[in-house]
Amino acid sequence: MEKTILSVNNLNVTFGKKKILKNINLEINKNEITVIIGQSGCGKSTLLKSFNRIVEEEGGKIEGNIMIEGEDFNNIPLQSLRNKIGLVFQNPVVFPFSIEKNLTYALEYHNKYDEETIGKRKIELLKQTKLYDEVKDHLHMFAGKLSGGQKQRLSIARCLSVSPKIILLDEPCSALDVKNTMFIEEMLMELKKEYTIVIVTHNLAQAKRIGDNVIFMDDGKIVEEGRSKEFFECPKENLSKEYIKYMGN
Ligand SMILES: Nc1ncnc2c1ncn2[C@@H]1O[C@H](COP(=O)(O)OP(=O)(O)OP(=O)(O)O)[C@@H](O)[C@H]1O
Ligand SMILES: [Mg+2]
């Protein structure tokens, strides 16, 4: 089985004259959780947003090459690219509809599923994101009324509804309490059997708990990359050592 699902070769991203990502090379393994860490402003979000080309909508210019399942991302129509690679933001984004409609919207939009399939998928998504018990009796409630943690899980469920291959999560737990953080970590450990996950976090304990692979960035570059256990137990670069020490190992 081919292990690499996404590979980045000599990626540079600029905003105007500002060079934000500098010669990034990396590979993301299928059915693993890759964690991206690094100081604020080092380019973590920009890197995630390059994968599905949102960076271009924000005025950034991408140079270099990104391959997804062996296909040059330039050759993949934008809509398919974004269905293949879903992005979940730090602040949950729910649509101003009911909980149910948030889950079924994309499926209905594509118009290729019957009602029964959509109904089953809806329940499956709620169970996968551990929302089912909490919301099953009020699926018609306005999604905006959910708690922050529930909204974040619903936005993940919505991202999963189009069956992406890769899920990108940008600091999904930074505004959440311990219980919701645990829910999300458990959920990601289960989801990696089916999906490939890339998560940005400032929480090194979280990175250790759930990461298979770690990418440590500084000033737009990758400083060190490796298996999570090795990275945390025996970092090679001085910058990595300092970061781990400083961020509370
Ligand atoms: N649309 C934009 N226009 C100009 N500069 C931008 C834009 N988006 C990001 N940048 C710059 O790119 C750099 C990296 O930003 P990015 O958001 O990727 O960092 P980050 O590592 O995600 O930081 P944080 O941990 O604070 O979220 C910053 O210097 C930022 O000012
Ligand atoms: Mg960021």
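Up top you'll find the structure we're talking about.
Residues numbered from 1 in each chain as written. Chains lettered and ligands numbered in written order. Predicted model: local features only at pLDDT ≥ 70, side-chain atom pairs only at ≥ 80, totals over all residues. Heavy atoms only, no water.

Caption draft 1: Structural detail: the site of ligand 1. Not every one of the 14 residues close to ligand 1 is listed here, only the nearest: Ser40, Gly41, Lys44, Ser45 and Thr46. The side chain of Lys44 places a nitrogen or oxygen atom 2.7 Å from an oxygen atom of ligand 1. Protein burial of ligand 1: of its 640 Å² of free accessible surface, 65% is covered by the chains. Among the elements of the structure, strand 2 (18–29) and helix 1 (44–51) are those that each provide at least two residues to the shell around ligand 1. If you tally residues by element for the shell around ligand 1, the top one is helix 1, at 3 residues. For the shell around ligand 1, the residue count by class is 3 nonpolar, 7 polar and 4 charged. (Near = heavy atom within 4 Å. Polar contact = N/O pair within 3.5 Å; in protein donor to acceptor, adjacent residues only side chain to side chain. Areas by Shrake-Rupley, 256 points an atom, 1.4 Å probe, with all protein chains shown as cover. Helix = DSSP H or I, 4+ residues; strand = E, 2+ residues; numbered from the N terminus. Nonpolar A, V, L, I, M, F, W, Y, C, P; charged D, E, K, R; others polar.)

Caption draft 2: Molecular detail of the state of the cysteines. Under the definition given, this model contains 0 disulfides. Sulfur of Cys42: no disulfide; nearest cysteine sulfur belongs to Cys173 and is 18 Å away. For Cys42, a relative accessible area of 3% translates into the label buried. (Disulfide = S-S within 2.5 Å. Buried < 20%, exposed > 50% of the residue type's maximum accessible area, 1.4 Å probe, protein only.)

Caption draft 3: Up close: the pattern of salt bridges. As enumerated under the stated definition, the model contains 18 salt bridges in all. In this structure, Lys122 engages Glu100 in a salt bridge whose closest nitrogen and oxygen atoms are separated by 2.5 Å. Within this pair, whereas Lys122 is found in helix 5 (residues 115–128), its partner Glu100 is found in helix 4 (residues 99–110), the two being separated by 22 residues in sequence. The exposure classification of Lys122 matches that of Glu100, with both residues buried. Taking the shortest distance from any N to any O, the salt bridge between Lys101 and Glu108 comes out at 3.3 Å. What makes Lys101 partly exposed here is its relative accessible area of 32%. Overall, Glu108 belongs to the partly exposed group, its relative accessible area being 37%. Residues joined in a network through salt bridges with shared partners are Lys3, Glu32 and Arg227. (Salt bridge = Lys/Arg side-chain N within 4 Å of Asp/Glu carboxyl O.)

Caption draft 4: Seen up close, the sheet that holds strand 6 (residues 85–88). Taken in spatial order, the 6 strands line up as 6-7-8-3-9-10 in an open sheet, and their pairing is mixed. Each having just a single partner strand, strand 6 and strand 10 (221–227) make up the two edges of the open sheet. On average, adjacent strands in this sheet sit at an angle of 15° to one another, irrespective of strand direction. Of the pairings in the sheet, the one linking strand 3 (residues 33–38) to strand 9 (residues 213–218) comprises 5 bridges and is parallel in character. Pairing of Gly38 across the sheet is with Met217, part of strand 9. Most of the contacts of helix 8 (residues 178–191) go to strand 8 (residues 196–200), to which it runs at about 150°, and overall it touches strand 3, strand 7 (166–170) and strand 8. (Pairing = 2+ DSSP bridges. Axes fitted to C-alpha atoms, helices over the stretch in contact; angles between N-to-C directions. Contact = heavy atoms within 4.5 Å.)

Caption draft 5: Highlighting the packing of aromatic side chains. Throughout the structure, instances matching the rule amount to 7 aromatic pairs. The interplanar angle of 85° and the centroid separation of 5.2 Å between the aromatic rings of Phe231 and Phe232 together place this pair among those described as edge-to-face. Under the relative-accessibility criterion, Phe231 is labelled buried at 2%. One aromatic cluster is present, built from ring pairs that chain together Phe95, Phe97, Tyr105 and Tyr109. Above the ring of Tyr132, the side-chain terminus of Lys127 is found at 4.9 Å from the ring centroid. (Phe/Tyr/Trp six-rings, centres within 6.5 Å; stacked < 30°, edge-to-face > 60°. Lys NZ or Arg CZ within 6 Å of the ring centre and 35° of its normal.)

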